[in-house]
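Per-entry structural report
Listed below, chain by chain, are the residues.
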Amino acid sequence: MGPPGVGKGTQAAFLRDALGVPHVSTGDILRVSMQDGSALGKKVKSFVEGGRLVPDDLMGDLIAERLDRQDAAKGFVLDGFPRTMAQADTLDRVLARKGAPLDRAVILTAPEAEIVRRLSGRRTCPKCGSVFHLDSRPPQAPGVCDNCRSALVQRPDDTEQVIRERLRVYAAQTVPVAEAYRQRGLLLEVDGMGSVEQIGSRLRAGLGIA
Ligand code: AMP
């Protein structure tokens, strides 16, 4: 968990590699469905591009289907889900059915000015999902993905007006979810300031991963 642009996707990808479990990013799943022009993609486009949350019933179906896949049988790193109390309830129900309770919830934190700076410099690969930053993590060749050589793009929801809306939605809907996990003793809070490597080592130390 954490505000948009705090580094959830980057750190979740490191955890995927460290733990050998899939990285399930609801934002990535929605972006792929929009690119494919699937029925789901058509339904969610206006929400995603406006920085608003996709309705809970759609997200609940999406996550239940994803976590039922074979590759998630031994665990998964969720990124960007749950974002509302209703989604947290859905997640509890899906996991109870599997007999696999949530191990930890992690929240990455950073001040708003830093978030806006990071998001406006962010460039992503539409093909493999790799994330770069013009200042702090530039690709080896300008505008080209290091992994798969596709052309990098700026997400349409990374413009200043939409960033402000995403931050407002985060404070109103998602911060209460983190508080609920704190009360359940599940929340690990990690300072999201510093280099990608520094944040990664704080995160691994907090989770007790070597
Ligand atoms: P992200 O890549 O996690 O920043 O997500 C990008 C956008 O996808 C968000 O601003 C929402 O419009 C949508 N989205 C991603 N995850 C969720 C979720 N769990 N619930 C509702 N909308 C979501």
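Before reading further, recall that the structure is shown in the block above.
A brief report on the enclosed structure follows. Treat the numbers as computed from the prediction; the structure is a model and nothing was measured. Along each chain, the written sequence defines residue order, and numbers are assigned to residues from 1. Totals for whole chains, interfaces and linings use all residues, but because this is a predicted model, local features are given only for residues with pLDDT of at least 70 and pairs of side-chain atoms are given and counted only at 80 or more. The basis for the side-chain values is all heavy atoms of the structure; hydrogens and waters are excluded.

A few points about the site of the ligand
Stated precisely, the cut-off is as follows: Residue proximity to a molecule or strand is established when one non-hydrogen atom of the residue lies within 4 Å of it. For this analysis, a polar contact is any N or O atom pair within 3.5 Å, provided that within protein one partner can donate a hydrogen and the other can accept it, and provided that sequence-adjacent residues contribute only side-chain to side-chain pairs. The Shrake-Rupley method, run with a 1.4 Å probe sphere, supplies the accessible areas, and residue values consider only the shown protein chains as cover. Numbering of helices and strands starts at the N terminus; helices are DSSP runs of H or I of at least 4 residues and strands are runs of E of at least 2. Classification used: nonpolar for Ala, Val, Leu, Ile, Met, Phe, Trp, Tyr, Cys and Pro, charged for Asp, Glu, Lys and Arg, polar for all others including Gly.
Near the ligand, the surroundings consist of 17 residues, among which Thr26, Arg31, Arg52, Gly80 and Gln87 are the closest. Contacts to the ligand include Val54, whose backbone N or O atom sits 3.0 Å from a nitrogen atom. Between the ligand and Arg155, the relevant distance is 3.3 Å, taken from an oxygen atom to a side-chain nitrogen or oxygen of the residue. When the ligand sits alone it has 480 Å² of accessible area, and the protein chains cover 96% of it. Looking at the shell around the ligand, the elements that each hand over two or more residues are α2 (26-36) and α3 (39-49). In the shell around the ligand, the residues fall into seven nonpolar, four polar and six charged.

Considering the pattern of salt bridges
This is how the line gets drawn: The salt bridge definition used is simple: a Lys or Arg side-chain nitrogen within 4 Å of an Asp or Glu carboxyl oxygen. Three labels apply to residues, based on accessible area from a 1.4 Å probe with only protein chains included: buried if under 20% of the type maximum, exposed if over 50%, partly exposed otherwise in between.
Taken as a whole and judged by the stated rule, the model has 20 salt bridges. Among the ionic pairs, Arg66 bridges to Asp71, the shortest N-O distance being 2.8 Å. Arg66 gets classed as buried once you look at its relative accessible area, which sits at 10%. Of the charged contacts in the structure, one is a salt bridge between Arg184 and Asp92, with a shortest N-O distance of 3.1 Å. Separated by 92 residues along the polypeptide, Arg184 in the loop between α7 (160-183) and β6 (187-191) and Asp92 in helix α5 (residues 85-98) bring together distant segments of the chain. On the accessibility criterion, Arg184 (47% relative accessible area) is partly exposed. A single network of salt bridges, built from pairs that share partners, joins Arg122, Arg155, Asp157, Asp158 and Arg166.

A short note on the packing of aromatic side chains
In this description, an aromatic ring pair is defined by two values, namely the gap between the centres and the angle between the planes. Threshold: The rule is short: rings of Phe, Tyr and Trp, with Trp giving its six-membered ring, pair when the centres are within 6.5 Å, and they are stacked under 30 degrees, edge-to-face over 60, tilted in between. By definition, being over a ring means that NZ of Lys or CZ of Arg is both within 6 Å of the ring centre and within 35 degrees of the ring normal.
In total, this model carries zero aromatic pairs according to the counting rule given. The ring centre of Phe132 lies 5.9 Å from the NZ or CZ of Arg137, which sits over that ring.

What about the nonpolar core?
Short version of the rule: In this description, a nonpolar core means a group of buried Ala, Val, Leu, Ile, Met, Phe, Trp, Tyr and Cys residues linked to one another through side-chain atoms lying within 4.5 Å. In this analysis, two residues are considered to be in contact whenever any of their non-hydrogen atoms come within 4.5 Å of each other.
Counting 27 residues, the largest nonpolar core has Leu30, Val44, Val54, Leu67, Leu91 and Tyr181 as its most contacted members. Among the elements of the structure, α2, α3, α4 (56-67), α5, β3 (105-109) and α7 are those that each provide at least two residues to this core. Tallying contributions element by element places α4 first for this core, with six residues. Setting aside anything within four residues of it in sequence, one finds Tyr181 in contact with Met1, Pro82, Ala88, Leu91, Leu102, Ala105, Leu186 and Leu187.

Things to note about unusual backbone geometry
Omega for the bond connecting Phe81 with Pro82 falls within 30 degrees of zero, at 0°, which places this linkage in the cis form. Along the chain, Pro82 falls in the loop between β2 (77-79) and α5. Unlike most non-glycine residues, Arg149 shows phi in positive territory, near 70°.

Thoughts on the state of the cysteines
What counts here: The disulfide criterion is simple: two cysteine sulfur atoms within 2.5 Å.
A complete count under the given rule lists zero disulfides for this structure. Cysteine Cys128 remains unbridged, with the sulfur of Cys145 as its closest cysteine sulfur at 3.7 Å. Assessed through its relative accessible area of 0%, Cys145 is described here as buried.

Some thoughts on the environment of Gly121
Positionally, Gly121 belongs in the loop between α6 (112-120) and β4 (122-124). When the C-alpha positions of Gly121 and Ser136 are compared, they lie 8.9 Å apart, and in sequence the two are 15 residues distant. For Gly121, the residues in contact, after removing those within four places along its chain, are Phe132, His133 and Leu134.

Some thoughts on α3
Defined as follows: What the arc covers is the set of directions going from the helix axis to the C-beta atoms.
For α3, the set of buried residues is Gly41, Val44 and Val48. The buried residues of α3 occupy one face: seen down the axis, they fall within an arc of 85°. α3 presents Ala39, Lys42 and Lys43 as exposed residues on the side facing more than 90 degrees away from its buried surface. Looking at the buried side of α3, the elements it contacts are α2 and α4.

Topic: α6
Residues of α6 that are buried: Glu114, Ile115, Val116, Arg118 and Leu119. On the buried face of α6, the contacting elements are β4, β5 (131-133) and α7.

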